Amino acid sequence: MLSNDSRLAALLALIFGLLIFGLATLNGGIIALAIPAAVYLAVALFGRPTELRATVTRSLSAGHVAPGQVVTVKLDVTVRVAASSNAVIIRDVVPAGLEVVSGDTILLAPLPPEGRLTLEYAVRGARGEFAFRDTFLSVCDESGVFHRATTVSAPVGLLIRPSLRKLRPITLRPPRTRGFAGPIPARQSGSGVDFFGLRQYQLGDRLRWINWRVSARHERRLFTNEYEQERIADIGIILDARAKTDVLTTAGSLYDHSIQAAAALADMCLDQGNRVGLLIYGRGREGVFPGYGNSQRERIFRALGRTASGHNYALESLNHLPVRFFPAGSQIIFIGALTGVDDVSVLTRMRANGYGVIALSPNPINFEAATLQAAYGVAYASRIAEVERQLSMAQLRRVGIQVVNWRVDRPLDQTLHESLARQPAQSRPFVGGAGA
Amino acid sequence: MRRTTIVLFGCVIVTVLALGAGYLIGGSWVGALVVVGIGGMWLLAHLIGNHPAGNLLAWLSLTGGAAIGVAIDLPAGLMLVAAVAALCAWDVAHYEQRLGEAARIDSSGALDRQHMSRLALTAAAGLAIGAMALLIRVDLGFGVAFALAIAAVVLLSQLVRLATKG
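Residues numbered from 1 in each chain as written. Chains lettered and ligands numbered in written order. Predicted model: local features only at pLDDT ≥ 70, side-chain atom pairs only at ≥ 80, totals over all residues.

Let us now look at the overall build of chain B. Scanning chain B from terminus to terminus reveals six helices and one strand. Counted from the first residue to the last, chain B has its helices and strands arranged as α-α-α-α-β-α-α. Sorting the 166 residues of chain B into buried and exposed places 34% on the buried side. Taking the intrachain contacts of chain B between residues at least 6 apart in sequence as the baseline, contacts between residues at least 24 apart amount to 73%. (Helix = DSSP H or I, 4+ residues; strand = E, 2+ residues; numbered from the N terminus. Buried ≥ 20, exposed ≤ 12 C-beta atoms within 10 Å, placed from the backbone. Contact = placed C-beta atoms within 7 Å.)

All names here are of chain A. In this model, helix α5 (residues 293-306) (14 residues) spans 21 Å end to end at C-alpha, consistent with the 20 Å of a helix rising 1.5 Å per residue. Gln 296, Arg 297, Ile 300, Phe 301, Ala 303, Leu 304 and Gly 305 are the residues of α5 that are buried. Considering only its buried residues, α5 is in contact with β8 (128-140), β9 (147-160), α4 (254-271), β14 (275-281) and β15 (285-291). (Expected span 1.5 Å × (residues − 1).)

Between chain B and chain A, the residue contacts involve 53 residues of the former and 43 residues of the latter. Those elements that place two or more of their residues in the side of chain B that touches chain A are α3 (52-71), α4 (76-101), β1 (104-105), α5 (108-135) and α6 (142-165) of chain B. It is α5 of chain B that provides the largest number of residues to the side of chain B that touches chain A, a total of 14 residues. Considered class by class, the residues forming the side of chain B that touches chain A number 36 nonpolar, 11 polar and six charged. With two bridges joining them, strand β6 (residues 106-110) of chain A and β1 of chain B adopt parallel strand pairing. Pairing of Leu 108 of chain A across the sheet is with Ile 105 of chain B, part of β1 of chain B. (Nonpolar A, V, L, I, M, F, W, Y, C, P; charged D, E, K, R; others polar. Pairing = 2+ DSSP bridges.)

On to the pairing of strand β16 (residues 331-335) of chain A. Residues and elements named next belong to chain A. Most of β16 sits inside the fold, with five of its five residues counted as buried. Of the two faces of β16, the one carrying Gln 331, Ile 333 and Ile 335 and the one carrying Ile 332 and Phe 334 are both buried. Pairing geometry for strand β11 (residues 223-240) and β16, over five bridges, is parallel. If you follow Ile 238 over to β16, its bridge partner there is Phe 334. When β16 meets strand β17 (residues 356-362), the two strands line up parallel, connected through five bridges. Its bridge partner lying in β17, Phe 334 is registered against Ala 359. You can see the chain leave β16, run along helix α6 (residues 343-352) and come back into β17, and the turn it takes is right-handed. (Right-handed = clockwise from strand over helix to strand, strands pointing away.)

A word on the packing of helix α2 (residues 29-48) of chain B against α3 of chain B. Residue and element names in this part refer to chain B. Where α2 meets α3, the axes come as close as 10 Å, and the angle between the chain directions of the two elements is 160 degrees. Of the possible angle classes, the one that applies to α2 and α3 is roughly antiparallel. When you trace α2 past α3, the crossing you get is left-handed. Every residue of α3 that contacts α2 at Val 35, Ile 38, Trp 42 and Ala 45 is listed here: Gly 54, Ala 58, Ser 61, Leu 62 and Gly 65. Its residues placed into classes, the contact of α2 with α3 shows six nonpolar, three polar and no charged. (Axes fitted to C-alpha atoms, helices over the stretch in contact; angles between N-to-C directions. Parallel < 35°, antiparallel > 145°, perpendicular 65-115°, else oblique. Left-handed = near helix turned anticlockwise from the far one by under 90°.)

All names here are of chain B. The first and last C-alpha atoms of α3 sit 28 Å apart over 20 residues, in line with the 28 Å expected at 1.5 Å per residue. Those residues of α3 that sit buried are Asn 55, Ala 58, Trp 59, Leu 62, Thr 63, Gly 65, Ala 66, Ala 67, Gly 69 and Val 70. Just beyond α3, the residue with positive phi is Asp 73, at close to 65 degrees.

For the rest of this paragraph, the subject is the environment of Leu 23 of chain A. As for its placement among the helices and strands, Leu 23 of chain A is situated in helix α1 (residues 4-25). Sequence-distant contacts of Leu 23 of chain A, defined by excluding residues within four places in its chain, comprise Ala 145, Phe 146 and Ala 149 of chain B.

A few words on the sheet that holds strand β5 (residues 98-103) of chain A. Residues and elements named next belong to chain A. The antiparallel open sheet is built from four strands, whose spatial order is β1-β3-β7-β5. Two strands bound the open sheet, and with one partner strand each, they are β1 (52-60) and β5. In this sheet, adjacent strand axes meet at a mean angle of 30 degrees when their direction is disregarded.

Residues and elements named next belong to chain A. With seven of seven residues buried, β14 is to be regarded as a mostly interior element. Judged by which residues are buried, β14 turns out to be covered on both faces: Arg 275, Gly 277, Leu 279 and Tyr 281 on one side and Val 276, Leu 278 and Ile 280 on the other are all buried. As paired strands, β11 and β14 are joined by seven bridges and run parallel to one another. The partner of Ile 238 across the bridge, within β14, is Leu 279. Across five bridges, the pairing between β14 and β15 is antiparallel. Counted as the bridge partner of Val 276 is Gly 291 from β15. Hairpin connection, β14 to β15: the antiparallel pair is bridged by three residues.

Right, let's get into unusual backbone geometry. Phi angles above zero are rare outside glycine, and Leu 338 of chain A is one such case at about 60 degrees. Here Leu 338 of chain A shows up in the loop between β16 and α6. Residue classification places Leu 338 of chain A among the buried positions, given that 24 C-beta atoms sit within 10 Å. Unusually for a residue other than glycine, Asp 73 of chain B sits at a positive phi of about 65 degrees.

Let's shift gears to the environment of Phe 180 of chain A. All names here are of chain A. Inspection of the secondary structure assignment puts Phe 180 in strand β10 (residues 177-200). For Phe 180, a count of 12 C-beta atoms within 10 Å puts it in the exposed group. Distance from Phe 180 to Asn 274, taken between C-alpha atoms, is 9.3 Å for residues 94 residues apart in sequence. Discounting residues that sit within four places of it in the chain, Phe 180 has contacts with Arg 231 and Ile 232.

Moving on to the packing of α4 of chain B against α5 of chain B. Residue and element names in this part refer to chain B. Contact geometry for α4 and α5: axes closest at 10 Å, N-to-C directions at 160 degrees. The orientation of α4 with respect to α5, classified from their angle, is roughly antiparallel. Seen from above, α4 lies across α5 with right-handed handedness. Each of Ala 76, Gly 77, Leu 80, Val 84, Cys 88, Asp 91, Tyr 95 and Leu 99 in α4 lies in contact with α5, whose residues at this interface are Ser 108, His 115, Leu 119, Ala 123, Gly 126, Leu 127, Gly 130, Ala 131 and Leu 134. The class makeup of the residues in the contact of α4 with α5 is 11 nonpolar, five polar and one charged.

Low-confidence regions, as indicated by low pLDDT, have predicted coordinates that should not be scrutinised in detail. Residues of chain A with pLDDT of at least 70 account for 94%, and the chain-wide mean is 85. Confidence over residues 431-436 of chain A falls short of pLDDT 50; this stretch has 10 contacts with residues more than four positions distant or in other chains. (pLDDT = per-residue confidence, 0-100.)

Following this line, the structure appears as structure tokens:
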């Protein structure tokens, strides 16, 4: 569309052109032809908006939603224009990545006497953090020759959390548990369900705990069963967000699968009553300190909602991973592609420091190969990369780290249960060298 | 078809009829055909899509045609009517573009009525003043006319500059 300045220039050009042509030919009739355009310009001049003031209040139906969920954006606009302008154009800027599903983001409306207008539309989108900020307002005179525009900022954030798939509980065996009752065997005798051992009867022991079969073999001595206490534990989820470990294909990003896995695991661990923390290591080091319950779930989902893989020269290596972020003896769940050269040594060192470690690794080779055309070279390259990966994972298993090789086209729940069932957790901390 | 589109078509037809009639009266078949051609292309272009540059070109061409008509002593009244109608058509075309930009238009009927009534008043005033200017004949020397024209140009420029700054 021609800008208002172009319209003004065209009008002036025509008026001046007719004046000059009329003077040059000494013909008053030609000058008279300029009069309608001059009147038109004069009317526009007197009706031009001299001042435009506006306030915008933006509200969202929800600030934190699941992917694909529709959010209604409502703008209450108050406009004050010092002119006889009859209409205002309101254009709201929708953040990139959101799709408008209903309603309109551009409104042309006559100015109501009190100057209040409402714009409402609905959006939806994929995981991410979105910032609504600017709204453009424009008024012009009736002829559209003179205009006045302003930008009003009404910032509101929308967070779309990662999609969540519920997991069945997995068996965790962290080196240390906390004092409260929970689902994790604590390797200590006490009240519980699973048999832990036998000891001689002591005053105060419950009679139904007496092991009569063993006591019958001993004269004048009674033995009671001991049960393994079940407690909660500290779970630390580390999400590898380094760009170099992410794989971007036409099918999407491998990191998105890591995020979904982190959300599902955090949800499952919190459901069991554990204390869960999150550390995202990539562009920066974003952490959610360990905590319990629904509010902690919200904090973790918020962090996962806004995360993106990125590059940071200082954090290229996992060596700068702040492992002490999690309490000693925690169960660490590392989620990453395990493609870094020092990933194995860093995870080994964590295990040596007394953490229980599970490495959940979305398979980058399988993910990338699925989008490549079948070719001789691709198949060989995949096999070589897969061998290298299997070697790294074997190294990790050797030091007592439970490794889950997740092909992302398979359900995480199934993979987790199959993998962890084959690799029981070792209670004894690994004490070898970091490079072992 | 929107009411504004009907108005636009009406204005273009009036322009073409007035100019064509003027040129035919003057015996210029070629001029009349050119005017009809420009008008036809404007309508056709508007039916295909509202092109701002096309509207501007058509408006300037038809107004230029009117000026040439006055210069070659064709009936000035018809030329003035054509110039006013072309201006109205250009305005309505722009108004339709503005409406087309918006995804939602509140009270479009009221907006249309307000715009059209204002345009009708402006066009009537322009036509009336233009007609008076054609009727009143004042013999001025070139110097006086030139001075008046320069004064008009300067005054208009200052007014526009003031308006765009303010």
